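Okay, here's what each chain looks like letter by letter:
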Amino acid sequence: MAVPAPSTRIAIERLDAFFGVVHAVRGVSVDLTDRTVTAVIGPSGCGKSTFLRCLNRMHETVPGARVNGRVILDGHDIYGSGISPVAVRRQVGMVFQRPTPFPTMSIRDNVAAGLAVLDRRPNARQTDEIVERALRRAALWDEVRDRLKTSATGLSGGQQQRLCIARALATDPEVLLLDEPTASLDPISTQKVEELIYELRTDVTVIIVTHNMQQAARVSDRTAFFLGGELIEVAPTEKMFTSPSDERTESYITGRFG
Amino acid sequence: MTEFAARDAARAGVAASAPTPARPSRSWTEIGSEIGDRVYSWSIVGFASLVPILLLTIFVAVGVAAWPALRTFGFSFVTSSDWDPVAQHFGAAPAIYGTLVSSILALIIATPLALGVAVFLSEFAPPWLRQPVAFTVDLLAAVPSVIYGVWGMYVLVPVLRTHVMPFLRDTLHLGVLPLFSGVAYGPSMFAAGLILAIMCLPYISAVTREVLAAVPRSQREAALALGATRWEVIRDAVIPYARSGIIGGIMLGLGRALGETMAVTMLIGNRHEIAASLFAPGYTMASLIANEFSEATGDLHLSALMAVGFVLLLVTFLVNAAARWLVWQTARER
Amino acid sequence: MTTATKDWSGAPSGRQRAVAERTVRSIRRRRIRSGIMVGLMYAAAALAILPLILIIIHLLRLGGSAVNWAFFTQMPRPPGEHGGGMANAIVGTLILLGISSAVGLPVGIGAGLYLAEKRVTPLATTVRFLADVLNGLPSIVMGIFAWELLVKPVNHFSALAGGAALGAMMIPMVTRTTEEMVRLVPISLREAALALGYSRWRTSLSIVLRTALGGIVTGALVAMARIAGETAPLLFTALGNSFWSTSLKAPIAALPLQIFTYAITPYDDWVAQAWAGALVLVAIVFVISLAARIVTRRRFSAGD
């Protein structure tokens, strides 16, 4: 096992993922840098979402799904023996394509939902503080501070998505996975979420899957291009979008931009 | 991009000086949740398994209770019509006959009505009428059996005896048929069949609506495009498509009618006799058990009643299984 | 070739006119037949709801006068004495409902969760099928079953046996409602909880089941409404009791049982009480059904 460089937060080694007989991610090896935003782009069905779901062991929750290879986070292979997927997911936050507030919970309880399953549960006052901090980080505090006790389903789609980001941030994860977080949002909400992502990288390692290349260019420091389940290229975003080294990347980027 | 870059530059100083909060050391194992998951999985498997176990236990329990009578009388239990507690001889043929006749009578009355209601609700009813009518028909299924019994005893039976039966027998001259001949008893096979028809109608219509809803729009549109009238669309495109599901629904109604107890007990007259006329009293399996259970004279009598229950259980199990199978087949084709 | 063209452009020949007329006539006949059939369906709908309307009218007319405060608070009186009530039967029915819920709800909800989570395993398919079949079995069979297991061995009738028989009836109903309601919870909610580090069991119970709870409670209420009116299984188990009893080990009175017992007597006072009881029972069942319907519809319109 190679010791990851200090700047590497997640080291992925020869990762394969399957749905039954479908080989969705093929032998991907890549180091993801600490406190940066890495965008994962590629055409539909290229395995980018599956790749993301392998990083917090969500892929295996689908019946028939299987993973090979290693994902090393803080010196631990999250697929190693004795590592519990539940523990991994508590350290790696995830936000999905559609907002998923828990409909039976208030806004406050939604943000605190992840705290409820921690080993050392904060008391009510600490929880309130954590909720406020998470909502501030998600740039939602000012909009909901007066109605923390009301149902989360009353929020707009964009607010719900930021609520989900706050919920993921509340447990203070080191890594945040975003699976097309703005796909179901309007342009203004999208902009708010993008600003938020950009600010988060000061203390979180963010990996965002997006089908929108402008978005990748706007929010990310590094970009990875997937095609047919394989990682074709990973490079600083600016280089990726100006002078990609692989011609498949170039044709995808120019095709989509053109 | 430029907008972000500008802000980034402005913020760089602040971000660099603010130390990232130290994260507490994390645990990588979580035994509790694994044990919890295992306990949970086994619990729901256990609860689910209780359903087949319950059914099996019902068969065993009723079978054990029925065994002495079945052993004593063998196959003649279902063919003999001699039910004599004094002589300790029991044959359930009249009850089996009564169950079949009353249920078939119920289906003959209920099926056209139920299909009519179902087709009306799924194809013709104006939206404002659909919900109230559907709800009212559903409520018919919610009325407890004993209520149908009380209503039948005090309202339906007198009307049948004084008006309907004489009308059918004399005015319509149906009395020439054995089915409608003889003295117009109030409590009778006819009364039981009628109340059973009301009771199983909502079940048939509910299942029929369900399978009609599963008929794809394209079936109807294709027929309409060919110039079919509204009725022809139903007859030629919708009904054939849903046929096996509808038959399943009718069989579910049959299952209800076969085992219905209280209302029938109160209306059928409870007499051990195979009478040709529908106007004469009879017995059904369920009403026989309910009526004689409390006054059973001795163990063999009791066991004979349980044996009737076992026959009823067997028949309704088969009818329900076949019905469900048919309905599932139709729903799966969706 | 030329003649054909001339025929088409000119006046229709006699044969063509005959065909056209026949077509028009047959279309008219088909239209009329269609109209008749549609009319018959309206008639079928009217005829189908007629019994319910008649029953409600008779219940109100014959039972309405005897439903008063005394009916709910007093004990039955011997025949010949006017008045009295069914307090013991109402309490008995509540106790029986309590026991049957204690039996039917946990098992039904657990089995329903299994069906919703493991949709296609052989056990799931079997359980789903058998639950539907069980749902169609006559209630009197449940009575015999509970009698054989819980009454015969101890030689006395009991509330417990009655509750068990009714609880066994509840299991398949609650199982299927729970399955349906849990399936309505979007899979994305389950994923969101898992991604937060919830274990499977906590996801299922505190997120999925909690989200589906409103629907499950509604379904459970409908099931309780249905078994509250069951009489046949109680003939073999709870038996009925004309005195005040809340003991689980003794025979207990129940509203539908009391209605039956009173209705088949020759005493006018008791028959009047039976009508009153029938009205109360139907009112309870209808109110629950109506409430469940309103709640369900609101849920679905809000969810969309």
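Data block above holds the structure.
Being a predicted model, the structure only gives us computed values, none of them experimental. (Residues numbered from 1 in each chain as written. Chains lettered and ligands numbered in written order. Predicted model: local features only at pLDDT ≥ 70, side-chain atom pairs only at ≥ 80, totals over all residues. Heavy atoms only, no water.)

Let's talk about the overall build of chain A
- What chain A contains, in helices and strands, is ten helices and ten strands.
- Expressed as a percentage of its 258 residues, the buried residues of chain A come to 59%.
- Long-range contacts, defined as pairs at least 24 residues apart, comprise 67% of the intrachain contacts of chain A with a sequence gap of at least 6.
- Looking at chain A as shown, the accessible area adds up to about 10,400 Å², and 48% of this sits on carbon and sulfur atoms.
- Considering chain A, the positive charge centre built from 31 side chains and the negative charge centre built from 31 side chains are found 5 Å apart. (Helix = DSSP H or I, 4+ residues; strand = E, 2+ residues; numbered from the N terminus. Buried < 20%, exposed > 50% of the residue type's maximum accessible area, 1.4 Å probe, protein only. Contact = heavy atoms within 4.5 Å. Areas by Shrake-Rupley, 256 points an atom, 1.4 Å probe, with all protein chains shown as cover. Lys, Arg positive; Asp, Glu negative; His and termini not counted. Charge placed at Lys NZ, Arg CZ, Asp CG, Glu CD.)

Comments concerning the overall build of chain B
- The helix and strand tally for chain B stands at twelve helices and two strands.
- Each helix (α) and strand (β) of chain B, taken in turn from the N terminus, gives the series α-α-α-β-β-α-α-α-α-α-α-α-α-α.
- Computed over C-alpha atoms, the radius of gyration of chain B comes to 30 Å, more than 25% over the 20 Å expected from 2.2 N^0.38 for 334 residues, which places it beyond the range of a compact globule.
- Oriented by its inertia axes, the alpha-carbon framework of chain B measures out at about 105 × 60 × 35 Å.
- Expressed as a percentage of contacts within chain B between residues at least 6 apart in sequence, the contacts between residues at least 24 apart total 73%.
- In the structure as shown, chain B presents an accessible area of about 14,300 Å², 67% of it carried by carbon and sulfur atoms. (Rg over C-alpha atoms; globule rule 2.2 N^0.38 Å.)

Some remarks on the interface of chain A and chain C
- If you look at the interface, chain A gives 22 residues, while chain C gives 16 residues.
- Taken over both partners, the interface formed by chain A and chain C buries close to 1,700 Å², and the fraction arising from carbon and sulfur atoms is 63%.
- Considering only the side of chain A, the residues that lose the most area to chain C are Phe 102, Thr 104 and Val 117 of chain A, jointly responsible for 29% of the buried surface there.
- Viewed at the interface, chain C and chain A are joined by one salt bridge.
- Note that Glu 191 of chain C is salt-bridged to Arg 53 of chain A, the shortest N-O span being 2.6 Å.
- The tally of links between chain A and chain C comes to four residue pairs in polar contact (both at pLDDT 80 or more).
- Of all elements in the fold, only helix 2 (85-91), strand 6 (92-95) and helix 6 (157-170) of chain A reach the threshold of two or more residues within the side of chain A that touches chain C. (Buried area = accessible area lost by both parts, 1.4 Å probe. Salt bridge = Lys/Arg side-chain N within 4 Å of Asp/Glu carboxyl O. Polar contact = N/O pair within 3.5 Å; in protein donor to acceptor, adjacent residues only side chain to side chain.)

Things to note about helix 7 (residues 159-184) of chain C
Residue and element names in this part refer to chain C.
- For helix 7, with 26 residues, the first-to-last C-alpha span of 36 Å sits near the 38 Å given by 1.5 Å per residue.
- The largest bend in helix 7 amounts to roughly 30° and is located at Met 170, with the proline Pro 172 lying one to four residues further along.
- Here helix 7 lies mainly inside the structure; 22 of its 26 residues are buried. (Expected span 1.5 Å × (residues − 1). Bend = angle between axes of the 7 residues up to and from the residue.)

Some words on the interface of chain B and chain C
- At the junction of the two partners, chain B supplies 78 residues and chain C supplies 81 residues.
- Summed over both partners, the interface of chain B with chain C comes to about 7,100 Å²; 81% of that surface belongs to carbon and sulfur atoms.
- On the chain B side of the contact with chain C, Tyr 40, Trp 231 and Trp 328 of chain B bury the most area, a combined 9% of that side's loss.
- Along the contact surface separating chain B from chain C lie two salt bridges.
- The salt bridge partner of Arg 293 of chain C is Asp 138 of chain B, with a shortest N-O separation of 3.6 Å.
- Along the contact surface separating chain B from chain C lie twelve residue pairs in polar contact (both at pLDDT 80 or more).
- Element by element, the count of residues in the side of chain B that touches chain C is highest for helix 2 (residues 31-73) of chain B, at 20 residues.

Thoughts on empty space enclosed by the protein
- This structure, assessed with the given rule, holds seven cavities of 30 Å³ or more.
- In terms of lining residues, the largest cavity is bounded by 29 residues, among which Ser 145, Tyr 203, Arg 256 and Glu 260 of chain B together with Glu 230 of chain C are the most central.
- Put simply, the parts of the chain that give the lining of the largest cavity at least two residues each are helix 5 (127-142), helix 6 (145-171), helix 7 (189-213) and helix 9 (230-259) of chain B together with helix 9 (200-228) of chain C. (1 Å grid on protein atoms, 1.4 Å probe; cavity = no way out; pocket = protein on both sides within 12 Å on 5 of 7 lines; lining within 4 Å. Points joined across faces, edges and corners; volume = space filled by probe spheres on them.)

Details of the environment of Leu 278 of chain B
- Mapped onto the fold, Leu 278 of chain B is located in the loop between helix 10 (262-267) and helix 11 (285-292).
- Aside from chain neighbours lying at most four places away, what touches Leu 278 of chain B is Val 101, Leu 105, Leu 179, Phe 180, Ser 188, Met 189 and Phe 190 of chain B.

Focus: the pattern of salt bridges
Residues and elements named next belong to chain A.
- Taken as a whole, this structure holds 31 salt bridges over all chains when the rule is applied.
- The partner of Arg 108 in a salt bridge is Asp 128, with the nearest N and O atoms 2.6 Å apart. Of this pair, Arg 108 sits in helix 3 (residues 107-111) while Asp 128 is found in helix 4 (residues 124-137), placing the two residues 20 residues apart along the sequence.
- The exposure class assigned to Arg 108 is buried, which follows from its relative accessible area of 16%.

Quick word on the sheet that holds strand 3 (residues 37-41) of chain A
Residue and element names in this part refer to chain A.
- The sheet built from six strands is open, its strands ordered 6-7-8-3-9-10 with mixed pairing. The open sheet is flanked by strand 6 and strand 10 (230-236), the only strands paired with a single partner. Neighbour to neighbour, the strand axes of the sheet diverge by 15° on average, direction disregarded.
- The pairing of strand 7 (residues 175-179) with strand 8 (residues 205-209) spans five bridges and is classified as parallel. Looking at the pairing, Leu 177 lines up with Ile 207 of strand 8.
- Of the strands in this sheet, strand 3, strand 7 and strand 8 are in contact with helix 7 (residues 187-200), which crosses strand 8 at around 145°. (Pairing = 2+ DSSP bridges. Axes fitted to C-alpha atoms, helices over the stretch in contact; angles between N-to-C directions.)

Some remarks on unusual backbone geometry
Residues and elements named next belong to chain A.
- Backbone geometry at Arg 57 places phi at a positive 60°, although glycine is not the residue there.
- Within the element layout of this structure, Arg 57 appears in the loop between helix 1 (48-54) and strand 4 (65-73).
- One non-glycine residue, Glu 180, lies in positive phi territory at about 45°.
- By the secondary structure assignment, Glu 180 is in the loop between strand 7 and helix 7.

Quick notes on the environment of Pro 173 of chain A
- Tracing the chain through its elements places Pro 173 of chain A in the loop between helix 6 and strand 7.
- When the C-alpha positions of Pro 173 of chain A and Met 94 of chain A are compared, they lie 9.5 Å apart, and in sequence the two are 79 residues distant.

So, the sheet that holds strand 1 (residues 8-19) of chain A
- Ordered by their spatial adjacency, four strands build an open sheet running 2-1-4-5 (chain A), and the pairing between neighbours is antiparallel. Looking at the sheet topology across the chains shown, the edges are occupied by strand 2 (22-33) and strand 5 (76-77) of chain A.

Here we look at helix 7 of chain A
- End to end, helix 7 of chain A covers 20 Å across 14 residues, agreeing with the expected 20 Å (1.5 Å per residue, within 8%).
- Where helix 7 of chain A begins, one side-chain oxygen reaches toward the backbone nitrogen of Ile 188 of chain A, 3.1 Å away; that side chain belongs to Asp 186 of chain A.

Focus: the state of the cysteines
- Applying the stated criterion across every chain yields a total of zero disulfides over all chains.
- Summary of cysteine pairing: Cys 46 of chain A is not part of a disulfide, and the nearest cysteine sulfur, belonging to Cys 54 of chain A, is at 13 Å. (Disulfide = S-S within 2.5 Å.)

Examining the packing of aromatic side chains
- Counted according to the given criterion, the structure contains 18 aromatic pairs over all chains.
- Taking the centre distance of 4.9 Å and the plane angle of 45° together, the rings of Phe 51 of chain A and Phe 226 of chain A count as tilted. Taken together, the residues span a long stretch of sequence, with Phe 51 of chain A in helix 1 and Phe 226 of chain A in strand 9 (residues 222-227) at a distance of 175 residues. Across the pair, exposure class does not vary: Phe 51 of chain A and Phe 226 of chain A are buried alike.
- Centroid distance Phe 59 of chain B to Phe 310 of chain B: 6.4 Å. Interplanar angle 90°. Geometry classified as edge-to-face. (Phe/Tyr/Trp six-rings, centres within 6.5 Å; stacked < 30°, edge-to-face > 60°.)

Some words on the nonpolar core
- In terms of nonpolar packing, the biggest core is built from 244 residues, with Phe 51 of chain A together with Ile 147 of chain B touching the most fellow members.
- For Ile 147 of chain B, the residues in contact, after removing those within four places along its chain, are Ile 55, Leu 59, Ile 259, Ala 278, Leu 281 and Val 282 of chain C. (Core = buried A, V, L, I, M, F, W, Y, C linked by side-chain atoms within 4.5 Å.)

Here we look at the pairing of strand 3 of chain A
Residue and element names in this part refer to chain A.
- Most of strand 3 sits inside the fold, with five of its five residues counted as buried.
- Where burial is concerned, the two faces of strand 3 agree: the one with Val 37, Ala 39 and Ile 41 and the one with Thr 38 and Val 40 are both buried.
- Note that strand 3 and strand 8 share four bridges and pair parallel. Paired with Val 40 across the two strands is Val 209, which belongs to strand 8.
- Of the pairings in the sheet, the one linking strand 3 to strand 9 comprises four bridges and is parallel in character. When the bridges of strand 9 are listed, Thr 38 appears paired with Arg 222.

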